[in-house]
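Reading the structure
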Amino acid sequence: MKQTLLLAYKNVLRRKSRSAVLIALAGFLAFALFMTAMIISALLKGFTSLEERLGADIMVVPYEAATRSSLENIVLQGNTGYFYMNSDVLDKISAMDGIERISAQYYLASATSSCCSIPVEIIGFDPQTDFTISPWIRKSNGKELQYLDIVVGNDINAFVGDTLSFYGVDVRVAAKLDKTGTGYDTAVFTGRDTIKTLIQASLDKKLNEYGNINAGNVISCILIDVSDDAVTEEVLNDINIHVKKVKAVQTKEMISGIAGSLAGASYMGRLISICIWILALMIMAAAFLLMTGERKREFALLRVVGSTRKELALLVIGEGVMVSLLGGLFGIALGMAVLLPFSGLLEQTMGLPFLLPSAASMLTAALLALILCGLTGAATSGISAYKIAGADTGTMLRVG
């Protein structure tokens, strides 16, 4: 057996053109399988991250903001945008039944570089009542934010200790967040007092489209966590009926579109993977049959010098597994080379939350893709091996 496998290895090295074609086919299969698995996994992980970051049952925004087609992008993806309503709304909703936790957020979009260090979405929150952003920031910062402290998203080119300027106000980077795979990676977070100072600065410079607001008396959004003994739909309807000029929406409804897109992408990815695997299986099987057909004289001579039918079959299968594994390694390496540097571009292209899996998950996916390539090589070459093992030696010599 050892001699047979050694001969198979030498055959792979000696027949470079034939081996290159089979390695390329196996590499294409491994690349497609690995990339599909990683992209689907990254989308699922990004969506989970988005759900965790949202962390509320109900979101209340000004009614005119709810009519914007970009509302989901502003709130869920962290894209630039802002809107305001009177802070009295918070007190009115807080007095309603069925609310366990409630907190306000404040949005401000920084303008061009002439007034600000970077154009980003700035999200303010109340550290005393917040239950969505604070736990997330606490993991990276470990302490409470001070006045004029900010926390930057993972994709922002700023680091702890740096000073940034927004509307003429200098702020200090206190922490940098972990990657989330959402638009929050390009957002800035800060406390209530700091965001109010920034909003007032934007008003003073006449760079805020809401020129008549009072920075100390406005909020942008209210997040609500419904109590266990209450029904979310009833609380939502109560707000929409009794509080004027606002719109309450369920966060699950806001991300349902993303969930639908994710399900569609996942289904298409798996379907494409199956189609690619079937196509590769057929092409590799045909290639092995064609190549073994051209080697009948070689196999006949091996039979004459004492090789058994079993050894011939092992030789063919060994060659098939070797080229498939080599191709699998090449395809996986190519997938890594594409996935790691261009994950940000993939996220922008798909427009969905995208968070790369852990190194362990990537290694597992690579190993599974490699195993599948090896099994595919064994299966396709096995068809040729069966045909060779059953052929008559004299006939092979005459045909060869």
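Residues numbered from 1 in each chain as written. Predicted model: local features only at pLDDT ≥ 70, side-chain atom pairs only at ≥ 80, totals over all residues. Heavy atoms only, no water.

Notes on helix α8 (residues 232-242)
Within α8 the residues assigned to the buried category are Thr232, Val235, Leu236 and Ile239. Angular distribution of buried residues about the axis of α8 spans 100 degrees; they occupy a single face of the element. Facing away from the buried side of α8 by more than 90 degrees, the exposed set consists of Glu234 and Ile241. Here the buried face of α8 lies against β1 (58-62), α5 (88-94), β3 (99-109), β10 (221-226) and β11 (246-250). (Buried < 20%, exposed > 50% of the residue type's maximum accessible area, 1.4 Å probe, protein only. Helix = DSSP H or I, 4+ residues; strand = E, 2+ residues; numbered from the N terminus. Arc of directions from axis to C-beta. Contact = heavy atoms within 4.5 Å.)

Re the pairing of strand β8 (residues 187-191)
Residues in a regular strand point their side chains to alternate faces of the sheet. Across the five residues that make up β8, a large majority, five, are buried. Neither face of β8 is open: one carries Ala187, Phe189 and Gly191, the other Val188 and Thr190, and all of them are buried. Bridge count for strand β4 (residues 121-125) against β8 is five bridges, and the pairing is parallel. Among the inter-strand pairings, Gly124 is bridged to a residue of β8, identified as Thr190. Pairing of strand β5 (residues 149-152) with β8 involves three bridges; the strand directions are antiparallel. Bridge pairing in β8 places Ile150 opposite Thr190. (Pairing = 2+ DSSP bridges.)

Looking at the sheet that holds β11
Taking strand neighbours across the sheet as the criterion, the nine strands line up as β6-β7-β5-β8-β4-β3-β10-β1-β11 in an open arrangement whose pairing is mixed. Each edge of the open sheet is held by one strand with a lone partner, namely β6 (163-166) and β11. Across the sheet, the mean angle from the axis of one strand to that of its neighbour is 30 degrees, orientation sign disregarded. Examined bridge by bridge, β3 and β4 share five bridges and lie antiparallel to one another. The residue bridging Ala109 from the neighbouring strand is Glu121, located in β4. Packing against the sheet, helix α7 (residues 192-204) makes contact with β3, β4, β5, β6, β7 (169-176) and β8, and its axis sits at approximately 35 degrees to β3. (Axes fitted to C-alpha atoms, helices over the stretch in contact; angles between N-to-C directions.)

Everything listed here is a matter of geometry and, on its own, says nothing about what the molecule does.
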